[in-house]
Each structure stands twice: as structure tokens, then as C-alpha cells.
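Here is how the chains run, residue by residue.
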Amino acid sequence: KGTLVSGILLEDRGFVPVTALSRDMTTHTSSLDASLEKYADRAVHTKSPGARERALQILSHLGRLNRDDDMRAAQQHIEDNEENDES
């Protein structure tokens, strides 16, 4: 989750804006696919060897994540927000 204060920074790292604000005021949520795409692009197009190495390390960590767990967590977050909005 992220907030609007760091919106551009979050989007550069693969977070996507939410379509509706919830009680916790989250404005961006993580997206595994978007993160993989952003860091892969950074690894390919950067001229700095240090930045390339960091992007590759992050891609390595992202590659170890379980997509099914990520999707379940996202669905749970949506359901939790819906329950909180009803309260």
C-alpha cells in the first residue's frame, strides 16, 4: 500500500493507483506484474552498472514471490475494505 504523497515514486516501482479511496486512505497498491515490468525496463535501459545490478537483484526477489499468494492477498484487501466501508 502507499499514499498519494509518494505517488510518482510508487508508480515508478510498479504500484498502481486505486480506483476508490478506502478508510486507510491507500492511494496505490502493489502489482507484481507492473513491478516486474518496471524493474525489467530499468535493468535494460539504465546506463549505470550499480542501478542495473540493483534492478536485477529486485527482479530476483520479485521472481521468488508466489503469484497465487499475491492474488489472494489482493482479494482479501478488497474484501476487507468493502467490509470496513459497510461499517
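Here's a quick rundown of the structure. (Residues numbered from 1 in each chain as written. Predicted model: local features only at pLDDT ≥ 70, side-chain atom pairs only at ≥ 80, totals over all residues. Heavy atoms only, no water.)

**Overview of the overall build of the chain**
Formally: Going along the chain from the N terminus, every DSSP run of H or I of four or more residues is numbered as a helix, and every run of E of two or more is numbered as a strand. Here the term buried applies to any residue with accessible area under 20% of the maximum for its type, exposed to any over 50%, and partly exposed to those in between, with areas from a 1.4 Å probe on protein chains only. For this analysis, residues touch if any pair of their heavy atoms sits within 4.5 Å.
If you tally the helices and strands in the chain, you get 4 helices and 2 strands. When the 87 residues of the chain are sorted by exposure, 23% land in the buried category. Sequence-distant contacts, at least 24 apart, represent 41% of the contacts inside the chain between residues at least 6 apart.

**A look at a negative patch on the surface**
The following threshold applies: Like-charged residues within 9 Å of one another, or nonpolar side chains (Val, Leu, Ile, Met, Phe, Trp, Tyr) within 5 Å, are grouped into patches, provided each residue has over 30% relative accessible area and no salt bridge. Computed by Shrake-Rupley with a 1.4 Å probe, the accessible areas treat only the displayed protein chains as cover when residues are assessed. Note on definitions: salt bridges are taken to be side-chain nitrogens of Lys or Arg within 4 Å of carboxyl oxygens of Asp or Glu. In summary, the charge assignment counts Lys and Arg as positive and Asp and Glu as negative, without counting His or the chain termini. Positions of charges follow a simple convention, taking NZ of Lys, CZ of Arg, CG of Asp or CD of Glu.
Taken together, the side chains of E79, D80, E82 and E83 define an acidic patch exposed on the protein surface. With respect to the element layout, E82 can be found in helix α4 (residues 67-86). For E82, a relative accessible area of 46% corresponds to the partly exposed category.

**With respect to the side chain of T46**
To be explicit about the condition: Whenever two N or O atoms come within 3.5 Å, that pair is a polar contact, provided that in protein one can donate a hydrogen and the other can accept it, and provided that, for residues adjacent in sequence, both atoms are side-chain atoms.
Structurally, T46 can be placed in the loop between α2 (32-45) and α3 (49-63). A distance of 3.4 Å separates a polar side-chain atom of T46 from the backbone nitrogen of S48. Ignoring sequence-local partners within four residues, the contact set of T46 consists of A51 and R52.

**Observations concerning the packing of α2 against α3**
For the record, the criterion: Whenever a helix is involved, its axis is fitted only over the stretch in contact; in every case the axis is a line through C-alpha atoms, and angles between N-to-C directions fall within 0 to 180 degrees. Any angle that is under 35 degrees is reported as roughly parallel, and any over 145 degrees as roughly antiparallel; angles of 65 to 115 degrees are reported as roughly perpendicular and all others as oblique. By definition, any crossing whose near helix is turned counterclockwise from its far helix by less than a right angle is left-handed, and any crossing with a clockwise turn is right-handed. Here the term charged refers only to Asp, Glu, Lys and Arg, the term nonpolar to Ala, Val, Leu, Ile, Met, Phe, Trp, Tyr, Cys and Pro, and the term polar to all other amino acids, Gly among them.
Contact geometry for α2 and α3: axes closest at 8 Å, N-to-C directions at 155°. Judged on the interaxial angle alone, α3 and α2 are roughly antiparallel. In this structure, the crossing between α2 and α3 has a hand that is left-handed. Facing L32, S35, L36, Y39, A40, R42, A43 and V44 of α2, the residues of α3 in contact are R52, A55, L56, I58, L59 and L62. Grouping the amino acids of the contact of α2 with α3 by side-chain chemistry returns 11 nonpolar, 1 polar and 2 charged.

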